[in-house]
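# Geometric and topological summary
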Amino acid sequence: MSAPVDAAGPAAVPLDVLLLAVAIAGVSLSAPLIAATAAPALAIAFWRNAMAVGVLTPLVLLRPRHRAELTAMGRKALLLSAAAGGLLALHFGVWLPSLHMTSVASSTALVTTTPIWTALLLRLLGHRPPALAWAGMAVAFLGVVILTGVDLSLSPRALAGDGLALAGGVAGAGYVVLGAQVRRTVSTTAYTYVCYTVTAVLLLAACLLSGASLGGYSGQTWAKLALLTLTAQLLGHSLINRVVKGLGPSVTSTAILLETPGAALIAALWLGQTPPPVAYPALLVILAGLALVILADRLGRRRPTGPTATRSA
């Protein structure tokens, strides 16, 4: 018998949109917080997941409902959740180091190709995103390029960094798609607990192999790691995992593009980094692209279902 899942359906869509907005605000804090945290990139990635597991463990093990949801997960759901955790670890593990190998602009633009890879993965799985959805993703990605610029370097180190950032975008797409698959039958709490645990274990191994320091930080650094866990991980990724069931992977992954202008605006307010003049028109372009993807998704849901009908993701 499947574990109980979160509410879904037409009535849940407005709530999902609100929760997605909170999630985007949470992940938008990620880059400014990482920039302000005096710790190795891999260690930051490890601690944000390990701390999240620490917060979730009492909730999962002590509350009967969540414990029942975890024990009711079938073998397939466990394997898919573990695979999603592996992809999330890969996303963090290759993207964060790329920020020190290539320009931040190039790294950001390449890692935010996630919606494109999401659509391609869905196509391979038998879904057929309509032309309107492809157009929306292209427009949204154009907004990111307008904001970050195109700053590709031909140096071997920069090209390697660009490759890592691109791999981070592909891994992020796989993480979103697998999460949407698991969330059809598994609750958010059970899924994120398994996913984050696997991510933390793999990132711990990466830290030990690379020699990244896992301690000896100042109290201020630990406070920033805790804030990063609360905002980007628990309010960011966890809420993304919550809404992907109702909104679908295409809409969710495209909305994540708003992290780029969101991070720029937060950095302006918190770190005093004035956003470039193109930040505001770029935000409007991304929102326009997201609106097209949402419209395509809504139109796809209204199509008659049947043996020959294909629902857009």
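All values derive from a computational prediction rather than experimental measurement.

Time to look at the packing of helix α3 (residues 41-62) against helix α11 (residues 219-247). Where α3 meets α11, the closest approach of the two axes is 9 Å, and the angle between their N-to-C directions is 70°. Taken together, the axes of α3 and α11 lie roughly perpendicular to each other. Taken as a pair, α3 and α11 cross one another with a handedness that is right-handed. Of the residues in α11, those touching α3 at I44, W47, R48, N49, M51, A52 and V55 are W222, L225, A226, L228, T229, A232, Q233, L234 and H237.

Right, let's talk about α3 for a bit. If you check α3, its first and last C-alpha atoms are 33 Å apart, about what 22 residues at 1.5 Å a residue would give, namely 32 Å. Maximum bend of α3: about 35°, positioned at L56, with proline P58 one to four residues after it. Burial in α3 covers these residues: A41, L42, A43, I44, A45, F46, R48, N49, A52, V53, L56 and V60.

Summed over the entire model, instances satisfying the criterion amount to 3 aromatic pairs. Their ring planes at 80° and their centres at 5.1 Å tell us that W47 and W222 sit as a pair that is edge-to-face. A residue pair is termed long-range when its members are at least 10 positions apart, and W47 in helix α3 and W222 in helix α11 qualify at 175 residues. Relative accessible area serves as the criterion here: at 28%, W222 is assigned to the partly exposed category. Ring centres 5.0 Å apart and planes at 45° place the aromatic pair Y217 and W222 in the tilted group. Each member of the aromatic cluster is reached from another via a ring pair, and the members are F46, W47, Y217 and W222.

On to helix α4 (residues 64-71). Within an α-helix, residues lying three or four positions from one another point in the same direction, as the helix has 3.6 residues per turn. Taken together, the buried positions of α4 are occupied by H66, E69 and L70. In a view along the axis of α4, the buried residues occupy a sector of 100°, so they form one face of it. Of the exposed residues in α4, those oriented more than 90 degrees away from the buried face are P64 and T71. Residues of α4 that are buried in the fold lie against α3 and α10 (188-210).

This model, assessed by the stated rule, comprises 2 salt bridges. In this structure, D16 and R242 form a salt bridge, with 2.9 Å as the shortest nitrogen-oxygen distance. A residue pair is termed long-range when its members are at least 10 positions apart, and D16 in helix α1 (residues 13-28) and R242 in helix α11 qualify at 226 residues. R242 matches D16 in its accessibility class, with the two residues each being buried. The partner of E69 in a salt bridge is R65, and the shortest N-O contact between them spans 2.9 Å. Taken as a pair, E69 and R65 lie in helix α4 at a separation of 4 residues, close to a single helical turn. Its relative accessible area of 49% is what places R65 among the partly exposed residues.

Rules used throughout
Residues numbered from 1 in each chain as written. Predicted model: local features only at pLDDT ≥ 70, side-chain atom pairs only at ≥ 80, totals over all residues. Heavy atoms only, no water. Axes fitted to C-alpha atoms, helices over the stretch in contact; angles between N-to-C directions. Helix = DSSP H or I, 4+ residues; strand = E, 2+ residues; numbered from the N terminus. Parallel < 35°, antiparallel > 145°, perpendicular 65-115°, else oblique. Left-handed = near helix turned anticlockwise from the far one by under 90°. Contact = heavy atoms within 4.5 Å. Expected span 1.5 Å × (residues − 1). Bend = angle between axes of the 7 residues up to and from the residue. Buried < 20%, exposed > 50% of the residue type's maximum accessible area, 1.4 Å probe, protein only. Phe/Tyr/Trp six-rings, centres within 6.5 Å; stacked < 30°, edge-to-face > 60°. Arc of directions from axis to C-beta. Salt bridge = Lys/Arg side-chain N within 4 Å of Asp/Glu carboxyl O.

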